[in-house]
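Commentary on secondary and tertiary structure
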Amino acid sequence: MQFRIVWSKEVVESWKNRKWIWLPLVFVLLGAMQPISTYFMPQILKMSGGLPAGTVIHIPTPSAGGVFAKAQSQYNSLGLLVLVLAFMGSISNERREGVLDLVLVKPVSHTAYILAKWFSAVVLTITALTLGDIAAWYYTVQLIGPLSIPYAMLSLLLYAFWLILIVTLTTFFSVLMTSTVANAFVTLSSAAVLSVVAAVLKWKWSPGALPSHASAILSIWDKGSTNALQSNFQIVWSVVVTGIVVVLLLVASVYEFRRKTFL
């Protein structure tokens, strides 16, 4: 009951803040932009001018999986920034404005409050990601070539785990910090460190490898390869480790939130 009340409050507040409009819209634009720009790139270069007369622009036709993967890579840059900006003050702002005291006096448990905040952000994030991937898939199929729906859905699922981790990090740092700017900086820095460490040390089992796994799934589709047992094993481990990290961060968020409330 407590969870449902706080979650309902978060949904209503997100509607009032237009998050349910502009956040999915941003992801749809990011998803659709890559296949459209790829398809019209020769015309764009031709119209830009500055080329010698008679110049013939020939750009190799990209694969559908490659274009879809590049569309998803937008979520790992601009998408992350938008997500963090949307949720960075979810708890710290309410503490600073005194809303938190009114909510907890109901009474509402600390666990229900944190989980409701987190779940509300996750639902909105997954909705935005799904709509963005639908737009990316549609324009990729229409302009570039066929792309398997199951492969696209599996790639979406892997990116969803990655974005859930980012939302969880944002929630955790929102509990720790009163400054929303500091929250955004630390969250984005943590995401960057996870990605760089996974790439440099080749930790395919780490959460930071999820975006590369999502792209690898699409590469398998392009090559028509069915022998991906080792890759699948690494993907499963990456998902499991990410799930464990998310749970630990939520537990730490509840503990730290309870501790700060009683200070």
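Relevant structure appears above.
Computed from a predicted structure; not experimentally measured.

Within the protein, the secondary structure is distributed over 12 helices and zero strands. Within the protein, the proportion of its 263 residues that are buried is 43%. Across the protein, the fraction of contacts at a sequence separation of at least 24, relative to all contacts at a separation of at least 6, is 84%. Summing over all exposed atoms, the protein offers an accessible surface of approximately 13,700 Å²; the carbon and sulfur share of this is 71%.

Formed by 40 residues in total, the largest nonpolar core has its most connected members in Leu23 and Trp162. Elements supplying a minimum of two residues to this core: α2 (19-39), α5 (78-87), α8 (110-143), α9 (149-176), α10 (180-200), α11 (210-223) and α12 (229-261). It is α9 that contributes the most residues to this core, 13 residues altogether. Sequence-distant contacts of Leu23, that is, excluding residues within four places in its chain, are made with Val82, Leu83, Phe87, Leu124 and Ala128. With 10 residues, the next largest nonpolar core counts Val6, Ala116, Val254 and Phe257 among its residues.

Moving on, we come to the pattern of salt bridges. Oppositely charged side chains can form a pair if their charged atoms are brought close together. Tallied over the entire structure, the rule returns four salt bridges. Between Lys9 and Glu10 there is a salt bridge, with its nearest N and O atoms 3.0 Å apart. Look at Glu10 and you get buried, because its relative accessible area is 7%. In this structure, the salt-bridge partner of Glu13 is Lys9, at a minimum N-O distance of 3.4 Å.

Here α9 contains 28 residues, and its C-alpha end-to-end distance of 40 Å stays within 8% of the 40 Å for a straight helix at 1.5 Å per residue. By the criterion of burial, α9 is predominantly enclosed, with 20 of the 28 residues buried. The backbone nitrogen of Tyr151 lies 3.4 Å from a side-chain oxygen of the residue at the head of α9, namely Ser148.

The contact between α2 and helix α4 (residues 64-73) brings their axes to 8 Å, and the two run at 140°. The angle between the axes of α2 and α4 places the two elements in the oblique class. The two elements α2 and α4 cross, and the hand of that crossing is right-handed. Contact residues: α2 offers Leu30, Gly31, Gln34, Pro35 and Thr38, while α4 offers Val67, Lys70 and Ala71. For the contact of α2 with α4, the per-class residue count stands at four nonpolar, three polar and one charged.

Right, let's get into the packing of aromatic side chains. Counted by the stated rule, this structure contains 10 aromatic pairs. An angle of 85° between the planes, with centres 6.2 Å apart, marks the rings of Tyr75 and Tyr159 as edge-to-face. One end of the pair, Tyr75, is in the loop between α4 and α5; the other, Tyr159, is in helix α9, with 84 residues separating them in the sequence. The buried category is assigned to Tyr159, whose relative accessible area is 3%. When the ring of Tyr138 is compared with that of Tyr139, the centres are 5.2 Å apart and the planes differ by 85°; the resulting orientation is edge-to-face. What links up through ring pairs into an aromatic cluster is the set Phe27, Tyr75 and Tyr159.

Let's shift gears to the packing of helix α1 (residues 2-16) against α2. Their axes nearest at 6 Å, the elements α1 and α2 cross at an angle of 70°. Classified by the angle between their axes, α1 and α2 sit roughly perpendicular to one another. Residues Val11, Ser14 and Trp15 of α1 lie in contact with α2, whose contacting residues are Lys19, Trp20 and Ile21. Across the contact of α1 with α2, the residue classes tally to four nonpolar, one polar and one charged.

All right, on to the environment of Leu249 then. By the secondary structure assignment, Leu249 is in helix α12. You can call Leu249 buried: its relative accessible area is 13%. Taking the C-alpha atoms as reference points, Leu249 and Thr168, 81 residues apart in sequence, are found 6.8 Å from one another. Ignoring sequence-local partners within four residues, the contact set of Leu249 consists of Leu165, Thr168, Leu169 and Phe172.

Time to look at the layout of surface pockets. The computed volume of the largest pocket comes to approximately 310 Å³. Looking at the largest pocket, it is lined by 21 residues, and the ones nearest its centre are Glu13, Lys19, Gly89, Ser90 and Lys117. Those elements that provide at least two residues to the lining of the largest pocket are α1, α5, α6 (92-97) and α8. Take the lining of the largest pocket: its biggest share by element is five residues, from α8. A breakdown of the residues in the lining of the largest pocket according to their chemical character gives eight nonpolar, seven polar and six charged.

Analysis parameters
Residues numbered from 1 in each chain as written. Predicted model: local features only at pLDDT ≥ 70, side-chain atom pairs only at ≥ 80, totals over all residues. Heavy atoms only, no water. Helix = DSSP H or I, 4+ residues; strand = E, 2+ residues; numbered from the N terminus. Buried < 20%, exposed > 50% of the residue type's maximum accessible area, 1.4 Å probe, protein only. Contact = heavy atoms within 4.5 Å. Areas by Shrake-Rupley, 256 points an atom, 1.4 Å probe, with all protein chains shown as cover. Core = buried A, V, L, I, M, F, W, Y, C linked by side-chain atoms within 4.5 Å. Salt bridge = Lys/Arg side-chain N within 4 Å of Asp/Glu carboxyl O. Expected span 1.5 Å × (residues − 1). Polar contact = N/O pair within 3.5 Å; in protein donor to acceptor, adjacent residues only side chain to side chain. Axes fitted to C-alpha atoms, helices over the stretch in contact; angles between N-to-C directions. Parallel < 35°, antiparallel > 145°, perpendicular 65-115°, else oblique. Left-handed = near helix turned anticlockwise from the far one by under 90°. Nonpolar A, V, L, I, M, F, W, Y, C, P; charged D, E, K, R; others polar. Phe/Tyr/Trp six-rings, centres within 6.5 Å; stacked < 30°, edge-to-face > 60°. 1 Å grid on protein atoms, 1.4 Å probe; cavity = no way out; pocket = protein on both sides within 12 Å on 5 of 7 lines; lining within 4 Å. Points joined across faces, edges and corners; volume = space filled by probe spheres on them.

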